[in-house]
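Below, each chain spelled out in residue letters.
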Amino acid sequence: RPLDAALAPMAKGKTALGFDFGTSGARCALIAPDGKLLCPQWEVKWGAKERVQSAADWNAALDELMTGIPDDARRDISRIAVSGTSSTVLLCDARTGLPVEDRGLPRMYD
């Protein structure tokens, strides 16, 4: 069962990759099975776009964060977690799952 595997302890030598997309930027970190942070946290700041990011901005940040992870570290990733700013709404097309660009920017939580 997939859920059982997801809840099982990570195997030795494997890592978890965590992403956080927040108001000020996006960041990611690699974490060992014992909870130790394995490397410096990578971060992309929104800067002037802090209150007006688009789905394209989020995709670009994800690409930049993923590019920063060394190839040898990528091979050991066995789990990925993503968190985001609470209550942000992004309208998506029900047929394609893609963001609906012509309906405006994502609605931020405030």
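Residues numbered from 1 in each chain as written. Predicted model: local features only at pLDDT ≥ 70, side-chain atom pairs only at ≥ 80, totals over all residues. Heavy atoms only, no water.

1. Side note on the confidence of the model for the protein chain
Fine structural detail should not be taken from predicted coordinates in areas where pLDDT scores are low. Across the protein chain, the average pLDDT comes to 85, with 91% of residues at or above 70. Per-element averaging of pLDDT across the protein chain places helix α1 (residues 2–7) at the bottom with 68 and strand β3 (residues 42–45) at the top with 92. (pLDDT = per-residue confidence, 0-100. Helix = DSSP H or I, 4+ residues; strand = E, 2+ residues; numbered from the N terminus.)

2. Some points on the environment of Arg-27
Here Arg-27 shows up in strand β2 (residues 25–31). Residue Arg-27 is classed as buried on the basis of its relative accessible area of 14%. The sequence separation of Arg-27 and Asp-71 amounts to 44 residues, and the corresponding C-alpha distance is 18 Å. Once residues lying within four places of it in the same chain are set aside, the contact partners of Arg-27 are Gly-18, Phe-19, Asp-20, Gly-22, Gln-41, Trp-42, Glu-43 and Leu-65. (Buried < 20%, exposed > 50% of the residue type's maximum accessible area, 1.4 Å probe, protein only. Contact = heavy atoms within 4.5 Å.)

3. Concerning the pairing of strand β1 (residues 15–21)
Among the seven residues in β1, five count as buried, and that is most of the element. Bridge analysis of β1 against strand β4 (residues 77–84) gives seven bridges, and the strand direction is parallel. Across the sheet, the residue bridging to Asp-20 is Ser-83, located in β4. Judged from the six bridges that link them, β1 and β2 form a sheet pairing that is antiparallel. Bridge pairing links Phe-21 to Ala-26 in β2. (Pairing = 2+ DSSP bridges.)

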